[in-house]
Amino acid sequence: MTTAPVPPRSLATEAVHAGREDLAELGLHAPPLDLSTTYPSYDSRAEAARIDAFATTGAQPDGPPVYARLDNPTTARFETALARLEGTESAVAFASGMAALTACLMVRISMGLRHVVAVRPLYGCSDHLLTAGLLGSEVTWVDPAGVAEAIRPDTGLVIVESPANPTLAELDLRAIAHSCGEVPLLADNTFATPVLQRPAELGARIVLHSATKYLGGHGDVLGGVVACDEEFARKLRQVRFATGGVLHPLAGYLLLRGLSTLPVRVRAASATAAELARRLEADPRVARVHYPRLGGAMVAFEVQDDPHAVIAGVRLITPAVSLGSVDSLIQHPASISHRIVDEGDRHASGVSDRLLRMSVGLEDVEDLWNDLDAALGAQGPALAGSDVMGGSAQGPGVR
Ligand SMILES: *Cc1c(COP(=O)(O)O)cnc(C)c1O
């Protein structure tokens with residue numbers, strides 16, 4: 001086939017075409033799903049050479065795959081597509097977001113760089129992995145302005161999230177990347193997605209996703225992915241091979257499919273989220289609304305009195321942890337997503353006990369507002385001190 005030069009393509013076009021360029025040539029329209037765990041090879045010398053090459057370089061092996069823990073062609077399509085969307089050379093997929101973060105830490109720790117500088121808040125389990133030092137790392141928590149000063153000769157990573165889970169606090173990634181000097185900045189881009197923010201363009205060397213969230217987008221696949229330069233990707237592939245946190249090929253298939261609607265889903269849900277944030281802001285039952293300047297489909301808000309009553313009161317919105325699905329979810333971070341973080345650290349990083357975090361889906365905005373309005377029910381200053389309403393089975397909040 002002759003290949004004409006391809007002009008640069010927009011994100012929307014890449015979302016539906018990246019990782020699928022060879023399909024027409026294969027006589028296919030939908031990407032093939034390869035569930036093989038192993039692959040036949042009558043040439044064991046060639047196979048030995050491929051294994052040696054992988055062991056020494058971590059480069060994606062040429063030729064037929066060897067074993068599913070090394071690489072998988074379906075997952076490789078998802079990796080190609082995600083790297084294209086994030087504007088990085090490569091991407092490496094893992095069994096979950098936490099497996100992806102673990103691999104990033106292990107790459108650096110294995111080089112003797114066990115110190116991490118991190119900014120709170122982070123996703124609850126990311127905070128826990130660093131605080132507990134499960135992998136032998138040591139963390140220094142800092143404000144964004146304190147990053148440069150906290151860096152030591154053995155600092156292997158600077159880790160941040162923006163917008164952060166669950167407060168939606170935003171960081172100036174460009175400024176932080178500058179403060180990092182030679183130390184790679186790892187930006188968790190799960191909340192923004194490449195549709196709203198491409199951290200690699202702002203100086204982050206490593207872009208991490210819980211693919212479980214927006215990339216999958218339908219609440220039915222667990223996965224993680226790291227978008228980065230090929231040099232770091234090679235190290236990640238070697239760690240993935242040795243530790244086994246691989247993405248299942250069916251998950252790779254579903255994530256590739258999820259990417260094709262990512263721009264449409266994120267833009268539609270963000271418009272609804274912005275409108276809900278505006279209404280919550282104007283509502284006396286709500287003490288404070290957190291909505292990123294960047295936009296996005298996440299809204300967090302602090303209620304005047306009982307967040308548990310709101311969780312108990314929703315009917316259309318699903319009270320559940322996780323986010324980024326086509327349907328709306330709400331949860332109470334202090335009870336669920338950030339339960340594992342020490343209470344004092346939670347409060348110090350702005351995660352109030354009255355904070356609720358909502359992931360806005362693709363439902364109609366009026367239906368979502370009606371549900372929130374009813375669930376907020378008897379909240380607010382007008383009813384403060386009224387124990388009768390709080391316990392009443394007739395209050396709209398306890399439908
Ligand atoms: C969910 C989440 C993770 C962890 O991802 P899993 O796929 O659940 O392992 C990491 N970072 C952020 C911001 C998340 O929301």
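Note that residues are indexed from 1 along each chain, following the sequence as it is written. Where local features are concerned, this predicted model is filtered to residues with pLDDT of at least 70; where side-chain atom pairs are given and counted, the filter is 80 or more; whole-chain, interface and lining totals use all residues. Side-chain measures were taken over the full set of non-hydrogen atoms in the model, leaving aside hydrogen atoms and water.

### A short note on the domain arrangement of the protein
Annotation of the protein at the domain level lists domain 1 (11-36 + 72-260) and domain 2 (263-389). Where a domain begins and ends is set by an automatic assignment or by a domain database. With centres defined by C-alpha atoms, the gap from domain 1 to domain 2 works out at 26 Å. Pairs of residues are marked as contacts when any of their non-hydrogen atoms sit within 4.5 Å. The partner domain 2 presents 33 residues to the 34 residues of domain 1 that form the contact. For the pair domain 1 and domain 2, the summed buried area comes to about 2600 Å², and 66% of that belongs to carbon and sulfur atoms. Three residues, Pro166, Leu168 and Tyr214, lead the burial of domain 1 against domain 2; their summed loss comes to 24% of the area buried on that side. Salt-bridge detection follows one rule: a side-chain nitrogen of Lys or Arg within 4 Å of a carboxyl oxygen of Asp or Glu. There are one salt bridge connecting domain 1 and domain 2. What qualifies as a polar contact is a pair of N or O atoms within 3.5 Å, subject to a donor-acceptor requirement within protein and to the restriction that residues adjacent in sequence count only when both atoms come from side chains. Counting every contact that joins domain 1 to domain 2 gives twelve residue pairs in polar contact (both at pLDDT 80 or more). Of all the secondary structure elements, the ones that give two or more residues to the side of domain 1 that touches domain 2 are α1 (11-17), α6 (124-132), α9 (193-196) and α11 (249-281). Numbering goes from the N terminus for both helices and strands, where a helix is a DSSP run of H or I of at least four residues and a strand is a run of E of at least two. Ranked by residue count, the leading element in the side of domain 1 that touches domain 2 is α6, at four residues. Classifying every residue of the side of domain 1 that touches domain 2 gives 17 nonpolar, 13 polar and four charged. We define buried area as the total accessible area lost by two parts upon association, computed with a 1.4 Å probe and summed across both. The nonpolar class holds Ala, Val, Leu, Ile, Met, Phe, Trp, Tyr, Cys and Pro. Asp, Glu, Lys and Arg form the charged class, and all remaining residues, Gly among them, are polar.

### With respect to the environment of Pro284
Within the secondary structure layout, Pro284 lies in the loop between α11 and β8 (286-290). Whether a residue is buried, partly exposed or exposed follows from its accessible area with a 1.4 Å probe, protein chains only, as a fraction of its type maximum: under 20%, in between, or over 50%, in that order. Using a relative accessible area of 56% as the deciding quantity, one classes Pro284 as exposed. In this structure the C-alpha to C-alpha distance between Pro284 and Ala68, which are 216 residues apart in sequence, comes to 55 Å.

### Topic: the site of the ligand
Whether a residue is near a molecule or strand depends on its heavy atoms: if one lies within 4 Å, it is near. Met98, Asp188, Ser210, Thr212 and Lys213 are the nearest of the 14 residues found near the ligand. A distance of 2.9 Å is found between an oxygen atom of the ligand and a backbone nitrogen or oxygen belonging to Gly97. One of the side-chain N or O atoms of Asp188 is found 2.7 Å from a nitrogen atom in the ligand. Where accessible areas are quoted, they stem from the Shrake-Rupley method and a 1.4 Å probe; at the residue level, only the protein chains shown are allowed to cover. Relative to its unbound accessible surface of 380 Å², the ligand loses 93% to contact with the protein. Class assignment for the residues of the shell around the ligand results in four nonpolar, seven polar and three charged.

### A closer look at the sheet that holds strand β4 (residues 155-161)
Sheet strands pair by backbone hydrogen bonding; their relative direction is either parallel or antiparallel. Only strands joined by at least two bridges in the DSSP assignment are considered to pair. Taken in spatial order, the seven strands make up an open sheet running β1-β7-β6-β5-β4-β2-β3, and their pairing is mixed. Looking at which strands have only one partner, the edges of the open sheet turn out to be β1 (90-94) and β3 (138-141). Neighbour-to-neighbour, the strand axes of the sheet open up by a mean angle of 20 degrees, direction not taken into account. For strand β2 (residues 115-118) and β3, the ladder comprises four bridges, and the chain directions are parallel. Bridge pairing in β3 places Val117 opposite Thr140. Inter-axis angles, ranging from 0 to 180 degrees, are taken between N-to-C directions of lines fitted to C-alpha atoms, where helices are fitted over the stretch in contact. Of the strands in this sheet, β2, β3 and β4 touch α6, which is tilted by about 120 degrees from β3.

### What about the environment of Gln379?
Of note, Gln379 is situated in the loop between α14 (365-376) and α15 (387-391). Considering only alpha carbons, one finds Gln379 and Leu355, 24 residues apart in sequence, at a separation of 14 Å.

### Digging into the packing of aromatic side chains
In summary, the pairing rule links any two rings of Phe, Tyr or Trp, Trp by its six-membered ring, whose centres are within 6.5 Å, and it sorts them by plane angle into stacked for under 30 degrees, edge-to-face for over 60 and tilted for everything else. A full pass over the atoms with the stated rule returns one aromatic pair. Charge-over-ring contacts are defined here by two conditions on Lys NZ or Arg CZ: a distance within 6 Å of the ring centre and an angle within 35 degrees of the ring normal. We note Lys213 situated over the ring of Tyr123; from NZ or CZ to the ring centre the distance is 5.0 Å. Positioned above the aromatic ring of Phe94, the side-chain terminus of Arg240 is 6.0 Å from the ring centre.

### A short note on the nonpolar core
Within this scheme, the nonpolar core is defined by two criteria: the residues are buried Ala, Val, Leu, Ile, Met, Phe, Trp, Tyr or Cys, and they are joined through side-chain atoms within 4.5 Å. Counting residues in hydrophobic clusters, the biggest one holds 35 residues, and the most contacted among them are Phe78, Leu82, Leu215, Leu259 and Leu262. Of all the elements, α11 adds the most residues to this core, at eight residues. Here this core spans two domains, since at least three of its residues come from each of domain 1 (11-36 + 72-260) and domain 2 (263-389). Setting aside chain neighbours within four positions, we find Leu215 in contact with Phe78, Leu82, Pro194, His209, Val225, Leu255, Gly258, Leu259, Leu262 and Arg265. Counting 26 residues, the second largest nonpolar core, distinct from the first, contains Leu129, Leu157, Val226 and Leu236.

### Remarks on unusual backbone geometry
Cis geometry is found at the peptide bond from Arg120 to Pro121, where omega equals -5 degrees. Turning to its location among the elements, Pro121 is positioned in the loop between β2 and α6. Cis geometry is adopted by the peptide bond preceding Pro163, which originates at Ser162 and carries an omega value of -10 degrees. Within the fold, Pro163 resides in the loop between β4 and α8 (173-180). One non-glycine residue, Leu168, lies in the positive phi region at around 65 degrees. Locating Leu168 in the fold gives a position in the loop between β4 and α8. The backbone of Thr193 shows a phi angle near 65 degrees, a positive value even though the residue is not glycine. Relative to the helices and strands, Thr193 resides in helix α9. Residue classification places Thr193 among the buried positions, given a relative accessible area of 1%.

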